[in-house]
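Read off the chains here:
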Amino acid sequence: MMGFQPVILATDALIYLLVILALAFAWYTRRHAHLRAPWRRVAASRTAMGALVVIAVYVVIGLLDTLHFRPASGEDAQGHARYASEVQSVLDLLATPLVAHREKTYSAPFATHLYTRETIELPGGGQVRDFPRLKWGGAHLGDPARRAGDIAWRSAAGVALGAAAWLLWMALALRRHPGGWRAWWADPGRAPMRTAAWVWLVVLILAGLVLTLAGVYHILGTDKVGEDVFYQSLKSIRTGLVIGTLTTLVMLPAAILLGIMAGYFRGWVDDVIQYLYTTLSSVPGVLLIAAAVLMMQIYMNNHQDEFNSLTERADLRLLFLCVILGVTSWTSLCRLLRGETLKLRQLEYVQAAQAFGVGHFTTLMRHILPNVMHIVLIVVVLDFSGLVLAEAVLSYINIGVDPNTNSWGNMINSARLELAREPVVWWSLAAAFVFMFVLVLAANLFADVVRDAFDPRLRERS
Amino acid sequence: MMAYIVRRLLYAIPILIGVNLLTFVLFFVVNSPDDMARMHLGVKRVTDAAIQQWKHERGYDKPLVWNEQAEGAGHLTDTIFFDKSLRLFAFDFGQSDSGRNIGHDISQRMWPSLAIAVPVMLVGLLVNISFSLLLAFFRGTYLDFWGVVLCVAMMSISGLFYIIGGQVLLGKLLNLFPISGYDTGPHAWKFLVLPVVIGVVSAIGAGSRWYRTLFLEEINKDFVRSARAKGLSEQRVLFVHVLRNALIPILTGVVVILPSLFMGSLLLESFFGVPGLGSYTIDAINRQDFAIVRAMVFLGAVLYILGLLLTDISYTIADPRVRLE
Amino acid sequence: MGDKLPESRILFKTYRPNIRWWICCLALLASGCGAPPWNNPYPRDEVSRAVFFSSFSERPKFLDPARSYSSNEWAFISQVYEPPLQYHFLKRPYQLVPLTAAAMPEVIHYDAAGRRLPADADPARVASSEYRIRIRPGIRYQPHPAFARAPDGGYRYWPLSEGDLAGRYTLDDFPERDSRELSAADYVYQIKRLAVPANHSPIAGLMSEHIEGFAEFAKLVQARQKQDRAAGRLWTDLRPLRMRGVKTLDRYTYSIRIRGVYPQFIYWLAMNFFAPMPWEAERFYAQPGMAERNITLNWYPVGTGPFMLTENNPNLRMVLSRNPNFHGEAYPSEGTEAQRRAGLLDDAGRPMPFIDKAVYSLEKEAIPRWNKFLQGYYDSSGIASDSFDQAIQIGANGEASLTPEMREKGILLDTAVETSVFYLGFNMRDPVVGGRPGDPQDQARARKLRQAISIAVDWEEFISIFNNGRGQAAQGPLPPGIFGYRAGRQGLNPVVYRWRDGRPERRTLAEAKRLLAEAGYPDGIDPATGNALILYYDTAQSGPGSKSLLQWYVNQFKKLGIQLVVRTTDYNRFQEKMLKGTEQIFSWGWNADYPDPENFLFLLYGPNGKVEHHGENAANYHNAEFDALFDRMKNMPNGPRRQAVIDRMVDIVRRDAPWLFGYFPKGFSLHHAWYHNALPHLMANNTLKYKRIDGRLRAQKQKEWNQPVLWPAWVLLALLVLTAVPAVRDYRARERSRAR
């Protein structure tokens, strides 16, 4: 049995923190009826439940990709285990065939041959210019002509597998349901859950197809250096989620603190904070981001020894990008919170607290903060999809994530050149598009419902 | 009112100083003047003497914000920051580091930026408002539902896809418009169609959805209900009452972005090779022409502050109840 | 009631022909017959004339010939400025011929006492060499306001006050033009300009080592400029200031004296640095207010060449037009039989230039550029790696030819191995890959490590993936076409290759691993850490293609079990690292200045080290024997003796392996059938005058290839109408229910 050494990268730690916070928040919400109510409204929406399933699938993949470790690579002289310097994630482990099946260069989805002609040496001497057979894609087929039949057969098996898994799941889930599945199916109040179940069926069927097909074909083709595009798309999920969530997480403390302080204390505190955010938001965001990204590179150059592995360097750059995006986007939340706090402090119970000589800190914590949390939540949810999209644009102007990181932005960026190829290499772009579109669409739909459920009035301000 | 505007303008000064300080510090942390000199002098055969000379000619051989050597006020004034940013306040942008007159360049490159940004805004406004009025008209029906889904779907597509797709489809496959480029004079429209169409289409999702919520909010107000109760036709209600009332938030939304139209669109301009201010800025960053970068940041900040001010003023004009304190 | 009927009939009547007209129009549009191309980015009348359409991707920074040192700038100014010599357009290997000079320069050697030596004197005895250049009389400058005279005999546009400049923003705002004859003094003036520190000439450092009196002149002129500035004069006249080594002998003759011998100097005389500069132009541009209006020598060149820059808007386009005062030059008539068959001698003896105008449009992105070429809007194009398969197919024997799609369009292909090298260098100052200085054992270890890596990094694969086979894996630092290069078995790099079946074959990975084990890294394991050996690759690469490229490098090192860490930084940081010598492995390229082996081997010459001497030896390689041989080689004439020295030098660097020699890129360029005389020339930049355009054919093809396709628009419209149907029905239903 090979051992392993767990590794926690900087973004991993923050993701774990985020998960803990989310769980704590959920637990807290469950215990307070007034907090539960809006979530009930969310749960009553069919769109939200369907979208939630999709988001959950992405999150699970992202979390699998967050569990990092170093596999053991042998033993040293003293018999202590030695670990590889390269960091892997659980997702890499699960997708081992995808990683290992590297071709030479481009190949189309489900192809058995390379996409470009090469000079092939004939066994009897002489050369011919043709499409060489892929090393892995469809390698199990003796004769490439049998491909269509094989794909059909495997797809059927995949669909069956997915459907069976779904039936099993439903059976287990509805085992205890009073009145059995028939009652559940007929219950109009369960309509959102049924939507979720249908989406879940689609997800499981797709998973079944991946299981039966991805091992022997490159289902989304390969890129310029022969890496599996499906694998890249899966790896990009974590990057997208990290940018979408950690950015807001890192900006939250500053935005909340400054926002409610400005609204609560007013006077010179308000002036200073307003000055701060007006100045920051006056600088065109792209310039700020570009400068900060370059600054980070300088920092990394000066501290080269600290980031030995590729993964660590790339991870730090990702984290830094989140921080920078956070810095440029905290101002709007800060402004919203300031406005809300200005309103709240006029309310009687806050005035009363002040009159009773309750300390500022206690007032802020007890009366103001809980009452602006819904704004924070809404902004977090709403910003998510925008940030995922922003990553792609930043990669375009070379100030996005590290070029070694898998991300949709990087995929789109390299796909620009591929589009000019003839015949066109479309699959990288298409894969990035589909993966990104599904996530952003689900997030947008979910965010809409959350916003409506928590504060319909806020619509006009966002 | 006048007093308010003057006060706001005065208030802008410390903000602009802050913006400048930020720009200078950020830029100089990233690029030392030596780097800039090396970048400008080229790759092959650059000597130290040439670098010193280059820095001296452009005044980059002084300290950034604090001059140890100088006397009295010279501590602060005999520095790069003071030298360079004081002139910005007089809108004297001076020479770029490669020797071009920035003011003249900006006045030239402003027009292509506007030629794209203004049609995108106007056509976009028209398309978005008509589409969202339609949605509002059919509110609650399946048309509304699918319309909103369409909007959300369009919002979920990265802007890069619109540009790449538009170029390939309309320019390459259908041969309708030049794929990229720009021209002045009577030929200009040919080059503008594609970027403007892409600019408008990519904004339909977010824009229409926002206007739809605006309209729905107005529709649910009491005076609209009473108008409808009086037997006014739906079209009349929509066009006369709803649209007119919703115009206030729409207009104030437009006013905010008016000044920033000058800055141009970064993505559209660099993809289509339009010589506007957006691509000017990106080029300057890539070439590390600090003189242009600081001028553009300063200009951007001024326009942003102007936008905020205009918004406040337009509120008072649209709604006399709002008083500027 | 009775009135209404006729009215509607009238309406109908007037409308009917209109409808028919519309149908005609639509049919015409749908089929597209006869319509001029909609997507034509140029004015229609220019397409059929002798106008050359091309593109540029980056704004040229400097157009001043004293300063400009990159090919994208030379593409413009080489058509405008004329140095005394040029390369022959057709002859290979490249050969210099006179341009404005009446004959090739006369070279006279002197010894230390100033006595004239015979031409074949031993270089060691030569203390200085004089290049005497006689130019042809009667050559005139392009029309330019700097030459324009006022009726009183003074200059029309000098001196100008700030007020005179009001409303003038470009050179076109100075309508009066004149010209004057080119004189030898103009060449001397330009050489003086090279020495002026404020001009930042990139070759000032190099020339001060060679031209006599160059360095003193720089000091002199700096002092003079200071005085002039103090007196409020913006322009310092260089004419009265003397440079010891450069003299005007008479109106058409000048001479340049250089220290010792420097046989490569003659090549410099074919570069724009040595083009003539009329002092009037410099004085004109130096007037107060000109720089603020961007009217400078960097923006508006003034020369004697076949073209002049008439529109300079680098954010949009640059236009070169025919110079009406051009002295005339005939298309060369000496060429090989193959060139004759290729039609390259069709124009022999005809007066050049053949085109009236060249329009260069700004095109930053590769995709639009390629598509516009295919649409016929650019006359020639390179081939990006990604559009290669569309354009080129490689035959069974590895010869490249065009795909049927391209041939159908009449597109033609030119190929040439470029005189440049792209390599991966080791920083020899780094203890891991360079070895500890003064420790021969450790240096042997490092050498084995470098050799192992040299074998493992598979450049053939690199060329095939990233360059579509457009390149030749390098066996040493010298590219083909440069003297000293050896082809075939003699040119084999035995450290990395073995000869098999009549061609070089890369040694096996097993051999590389054995070398690696001998170096002390069995299976790539670093004994110090017990883990994979970590090496660092420093690069400033970024952009769309870089991810796959960097991934490829990592994979190559992984084959040996070495972990390659890529440190990407911005350009500045990379330069700084190279200057400080803190990088470990880097990639670098070199483009020949002139076709001489000295220009490549000096990249490995110890006294040229990047860190210690700020030279071009980026690997900081230092080998005493190599350096001694280099000193000998550089002054030798081409011949077997020089070849022997070069062979020895190349052997030394192969064994030491300070570079992975990488590859010599092969340039492929495409051009349309209407574009003639498109022979690639790697040294000359002034080739626009040789080009000929068949505008009629172009106009016809453009029309053929660019018929607008409109049916999708109709489909879209139909779809919209279809979706409107239920909406209208819904609306009707609602109205009805309201009415009820």
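In this report, we go over the structure that sits alongside the text. Fair warning: this is a prediction, and the values are worked out from it, not measured in the lab.

A few words now on the overall build of chain A. When helices and strands are counted, chain A shows 16 helices and 6 strands. In terms of its C-alpha atoms, chain A occupies a principal-axis envelope of roughly 100 × 65 × 55 Å. Considering chain A as a whole, with its 462 residues, one finds that 50% of them fall into the buried category. At a minimum sequence separation of 6, the contacts of chain A that also span at least 24 residues come to 70%. With an accessible surface of roughly 21000 Å², chain A has 67% of that area assigned to carbon and sulfur atoms. One finds the centroid of the 39 positive side-chain charges in chain A at a distance of 9 Å from the centroid of its 33 negative side-chain charges.

Listed as interface residues are 37 residues of chain B and, on the opposing side, 41 residues of chain A. At the boundary of chain B with chain A, total buried surface from both sides reaches about 3500 Å², with 75% on carbon and sulfur atoms. Where chain B meets chain A, there are 1 salt bridge. A salt bridge links Arg209 of chain B to Asp448 of chain A, with the shortest nitrogen-to-oxygen separation between them at 2.3 Å. Looking at the side of chain B that touches chain A, the elements with two or more residues in it are helix 1 (2-30), helix 7 (142-155), helix 8 (159-173), helix 9 (188-219), helix 12 (266-272), helix 13 (277-287) and helix 14 (290-318) of chain B. For the side of chain B that touches chain A, the class distribution of residues is 27 nonpolar, 7 polar and 3 charged.

With 9 of its 11 residues buried, helix 13 of chain B lies for the most part within the structure. When we look at burial in helix 13 of chain B, the residues that qualify are Leu277, Gly278, Ser279, Tyr280, Thr281, Ile282, Asp283, Ala284 and Arg287 of chain B.

Residues and elements named next belong to chain C. In terms of burial, strand 24 (residues 585-591) is largely enclosed, as 5 of its 7 residues are buried. Relative to strand 24, strand 18 (residues 420-426) runs antiparallel, the two being bridged by 7 bridges. When the sheet's bridge partners are listed, Val421 is paired in strand 24 with Trp590. Direction of pairing for strand 22 (residues 534-539) relative to strand 24: parallel, over a ladder of 2 bridges. Its bridge partner being in strand 24, Asp538 is matched across the sheet by Phe586.

The rules behind each value
Residues numbered from 1 in each chain as written. Chains lettered and ligands numbered in written order. Predicted model: local features only at pLDDT ≥ 70, side-chain atom pairs only at ≥ 80, totals over all residues. Heavy atoms only, no water. Helix = DSSP H or I, 4+ residues; strand = E, 2+ residues; numbered from the N terminus. Buried < 20%, exposed > 50% of the residue type's maximum accessible area, 1.4 Å probe, protein only. Contact = heavy atoms within 4.5 Å. Areas by Shrake-Rupley, 256 points an atom, 1.4 Å probe, with all protein chains shown as cover. Lys, Arg positive; Asp, Glu negative; His and termini not counted. Charge placed at Lys NZ, Arg CZ, Asp CG, Glu CD. Buried area = accessible area lost by both parts, 1.4 Å probe. Salt bridge = Lys/Arg side-chain N within 4 Å of Asp/Glu carboxyl O. Nonpolar A, V, L, I, M, F, W, Y, C, P; charged D, E, K, R; others polar. Pairing = 2+ DSSP bridges.

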